[in-house]
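Observations on the three-dimensional arrangement
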Amino acid sequence: MSEIPAGAMRFNSDSQKLEYWNGSAWFQVHTATPDLATAGDRQPGARGIWAGGYAVGAPTNEIRYVNIASTGDTQDFGDLVSGANSGSQGGTASSSTRGLIMSGGAKIHIDFITIASTGNSQNFGNSTIGNGIYSAAVSNSTRGIQAGGWGPTGSPAPSSDILEYVTIASTGDAVDFGNLITNVNRASGCASPTRGVLFGGRTAVPTGQVDDIQFITIATLGDAQLFGDLRTTRDTGGACSNATRGVYFGGNTPTKIADIDYITIATTGNSVKFGDLSIACDSGTSVNSPTRGVNAISLTGSGDVNNLEYVNIATLGDAVDFGDANNASMRHAWNASNAHGGL
């Protein structure tokens, strides 16, 4: 078979998308822009969304959003209508147009929102992961894949190795994808258009933290494979990526830390130091554009806080202030954007 020249084009009959070869993988050709703007924005930008979340004793059903290209506080988007009282704790997948809010708390429902508009979530279907608390998710423009989590029984409660997927543009119930190498909850996910990556997690609750980085090939079905190891054994951090680099913020070792790690998604290997958050924290969630990642700081040693901080994904360095979440109930919030690394 002759080598494919860089820049070659093809039409993918499965995804119904035009693709180009970058020398190592096929990528979709995009003619649309994810940039949106509302009154008061200095410039259009990709939209980052947080849904649900909680501080101690105070779950919320709010959905809030930011313009990732600017800095500033979150704005009201709408409300969760399915499992609103569960607070959060599930995986989130998104295409450039639609965000999926998967499992979490005491619900098996999958909800969806239309990212370019504002309004309440709607029912999409059901998960196969009953009570998929602390599950993770990854996505490209076509598929959303939910991974792991834990059920309500047992002490310590066991984690799941289930991988399931949905087609984002349709509605319906999730179906089996494969299995994780390590049963985990509290893992965090990011993706390129071809590969989904899961950072860390716990094998049970309340113990069993791991340093595993696992990955899957999104377009196929099958089990996860080992990518490498985190620099420290930890869970419950925030994760985001552009198409090249995955970034993992903070986490629990079980001591809260401020470390930011990164990986190159197309390769395999251990994570590398990126920089630091301004404060040690866990239970954060992250959104991103192709250039910028924004992390909700969430739970610190002094309790739940309101902070958003950001990094420039292509460079290394410490996070800086972005704005406020407008409430302190951002712990374990579902998170999505219309310009993450899988798109």
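Notes on the structure follow. Keep in mind the model is a prediction, meaning the values are calculated, not measured.

A short note on the overall build of the protein chain
Of the regular secondary structure elements, the protein chain holds zero helices and 33 strands. Its C-alpha radius of gyration of 18 Å places the protein chain within 12% of the 20 Å reference for a compact globule of 343 residues. C-alpha atoms of the protein chain, sized along the principal axes, occupy 60 × 45 × 40 Å. Each of the 343 residues in the protein chain was classed as buried or not, and the buried ones make up 57%. Total accessible area on the protein chain is roughly 13,100 Å²; 49% of this is exposed by carbon and sulfur atoms. A distance of 2 Å separates the average location of the 18 positive side-chain charges in the protein chain from that of its 28 negative side-chain charges.

Section: the layout of surface pockets
Summary: where empty space remains is shown by rolling a probe the size of a single water molecule over the atoms. Taken as a whole, the second largest pocket spans an internal volume of roughly 210 Å³. Forming the boundary of the second largest pocket are Asn22, Ser24, Ala25, Phe27, Ser192, Thr194, Arg195, Thr217, Ala243, Thr244, Thr264 and Ala266. By residue class, the composition of the lining of the second largest pocket is four nonpolar, seven polar and one charged.

Regarding the side chain of arginine 47
With respect to the element layout, arginine 47 can be found in strand S4 (residues 47-51). At a separation of 2.9 Å, a polar atom in the side chain of arginine 47 contacts the main-chain carbonyl oxygen of isoleucine 115. At 3.5 Å, the side chain of arginine 47 and the backbone oxygen of alanine 116 are in polar contact.

What about the pairing of strand S16 (residues 162-167)?
Judged from the five bridges that link them, strand S14 (residues 143-147) and S16 form a sheet pairing that is antiparallel. Looking at the pairing, glycine 144 lines up with valine 166 of S16.

Re the pairing of strand S31 (residues 307-312)
Note: strand S28 (residues 292-296) against S31, five bridges, orientation antiparallel. Within S31, the residue paired with asparagine 295 across the bridge is glutamate 309. Strand direction decides the pairing type here: S31 and strand S32 (residues 320-324), joined by four bridges, are antiparallel. Within S32, the position partnered with asparagine 307 by the bridge is aspartate 324.

Here's the deal with the packing of aromatic side chains
Summed over all chains, the structure comprises eight aromatic pairs. Taken together, a centroid distance of 5.0 Å and an interplanar angle of 20° make the contact between phenylalanine 199 and tyrosine 248 stacked. Separated by 49 residues along the polypeptide, phenylalanine 199 in strand S19 (residues 195-199) and tyrosine 248 in strand S24 (residues 245-249) bring together distant segments of the chain. Tyrosine 248 gets classed as buried once you look at its relative accessible area, which sits at 0%.

Re a nonpolar patch on the surface
Side chains of Met9, Phe11, Leu18 and Tyr20 sit close together on the surface and give an oily, nonpolar patch of about 400 Å² of accessible area. With respect to the secondary-structure elements, tyrosine 20 resides in strand S2 (residues 17-21).

Concerning the side chain of serine 271
Residue position: serine 271 is located in the loop between strand S25 (257-264) and strand S26 (272-281). For serine 271, a relative accessible area of 7% gives the class buried. Within the local environment of serine 271, its side chain forms a polar contact with the side chain of aspartate 261, the two groups lying 2.8 Å apart. Setting aside residues no more than four positions away along its own chain, serine 271 makes contact with Ile213, Asp229, Leu230, Arg231, Asp261, Tyr262 and Ile263.

Topic: unusual backbone geometry
Residue proline 254 is reached from threonine 253 by a cis peptide bond, and omega for that bond is 25°. Look at serine 283: it is not a glycine, yet its phi comes out positive at around 65°. One non-glycine residue with positive phi stands out, namely histidine 332, at about 60°. By secondary structure assignment, the location of histidine 332 is in the loop between S32 and strand S33 (334-337). Since its relative accessible area comes to 9%, histidine 332 is described here as buried.

Conventions adopted
Residues numbered from 1 in each chain as written. Predicted model: local features only at pLDDT ≥ 70, side-chain atom pairs only at ≥ 80, totals over all residues. Heavy atoms only, no water. Helix = DSSP H or I, 4+ residues; strand = E, 2+ residues; numbered from the N terminus. Rg over C-alpha atoms; globule rule 2.2 N^0.38 Å. Buried < 20%, exposed > 50% of the residue type's maximum accessible area, 1.4 Å probe, protein only. Areas by Shrake-Rupley, 256 points an atom, 1.4 Å probe, with all protein chains shown as cover. Lys, Arg positive; Asp, Glu negative; His and termini not counted. Charge placed at Lys NZ, Arg CZ, Asp CG, Glu CD. 1 Å grid on protein atoms, 1.4 Å probe; cavity = no way out; pocket = protein on both sides within 12 Å on 5 of 7 lines; lining within 4 Å. Points joined across faces, edges and corners; volume = space filled by probe spheres on them. Nonpolar A, V, L, I, M, F, W, Y, C, P; charged D, E, K, R; others polar. Polar contact = N/O pair within 3.5 Å; in protein donor to acceptor, adjacent residues only side chain to side chain. Pairing = 2+ DSSP bridges. Phe/Tyr/Trp six-rings, centres within 6.5 Å; stacked < 30°, edge-to-face > 60°. Patch = residues over 30% accessible without salt bridge, like charges linked within 9 Å, V, L, I, M, F, W, Y side chains within 5 Å. Salt bridge = Lys/Arg side-chain N within 4 Å of Asp/Glu carboxyl O. Contact = heavy atoms within 4.5 Å.

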